[in-house]
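Okay, here's what each chain looks like letter by letter:
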Amino acid sequence: MGTPFPKTSRPAQSALDAAGYTHLEQLADVSEADLLRLHGMGPKAVGILREALQQKGLSFRNAS
């Protein structure tokens, strides 16, 4: 079990749930661009998630 997601909008949380993400650490395997493609995920939510990852010493996967 990992770190819960920080508070984001309900649509962003629903997008994470629908994509099968259950904890913050999973997002280190995902690029920001991939997250933004999820219905309900916006730049503000990605910024909140980016900051939460950085606090854990993690970051999104670089787009290749």
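Residues numbered from 1 in each chain as written. Predicted model: local features only at pLDDT ≥ 70, side-chain atom pairs only at ≥ 80, totals over all residues. Heavy atoms only, no water.

## So, the pattern of salt bridges
Turning to step 1, where the next piece is worked out: What the rule picks out here adds up to three salt bridges.
Turning to step 2, where the next piece is worked out: A salt bridge links Arg-61 to Asp-34; its shortest N-O distance comes to 2.8 Å. Separated by 27 residues along the polypeptide, Arg-61 in the segment after helix H3 (43-55) and Asp-34 in helix H2 (residues 32-36) bring together distant segments of the chain.
Turning to step 3, where the next piece is worked out: Among the ionic contacts, a cluster of salt bridges with common partners joins Asp-34, Arg-37 and Arg-61. (Salt bridge = Lys/Arg side-chain N within 4 Å of Asp/Glu carboxyl O. Helix = DSSP H or I, 4+ residues; strand = E, 2+ residues; numbered from the N terminus.)

## Some thoughts on the side chain of Thr-8
Turning to step 1, where the next piece is worked out: On the secondary structure map, Thr-8 appears in the segment before helix H1 (10-18).
Turning to step 2, where the next piece is worked out: Once residues within four sequence positions are removed from consideration, Thr-8 is found in contact with Gln-13, Ala-45, Ile-48 and Leu-49. (Contact = heavy atoms within 4.5 Å.)

## Re the environment of Gln-55
Turning to step 1, where the next piece is worked out: Relative to the elements of secondary structure, Gln-55 occurs in helix H3.
Turning to step 2, where the next piece is worked out: A relative accessible area of 63% means that Gln-55 is categorised as exposed.
Turning to step 3, where the next piece is worked out: Along the primary structure Gln-55 and Tyr-21 are separated by 34 residues, whereas in three dimensions their C-alpha atoms are 19 Å apart. (Buried < 20%, exposed > 50% of the residue type's maximum accessible area, 1.4 Å probe, protein only.)

## Some words on the side chain of Thr-3
Turning to step 1, where the next piece is worked out: One can find Thr-3 in the segment before H1.
Turning to step 2, where the next piece is worked out: A polar contact is formed between the side chain of Thr-3 and the side chain of Glu-25, at a distance of 2.6 Å.
Turning to step 3, where the next piece is worked out: At a separation of 3.3 Å, a polar atom in the side chain of Thr-3 contacts the side chain of Lys-56.
Turning to step 4, where the next piece is worked out: Ignoring anything within four residues of it in the chain, the contact list for Thr-3 reads His-23, Leu-24, Glu-25 and Lys-56. (Polar contact = N/O pair within 3.5 Å; in protein donor to acceptor, adjacent residues only side chain to side chain.)

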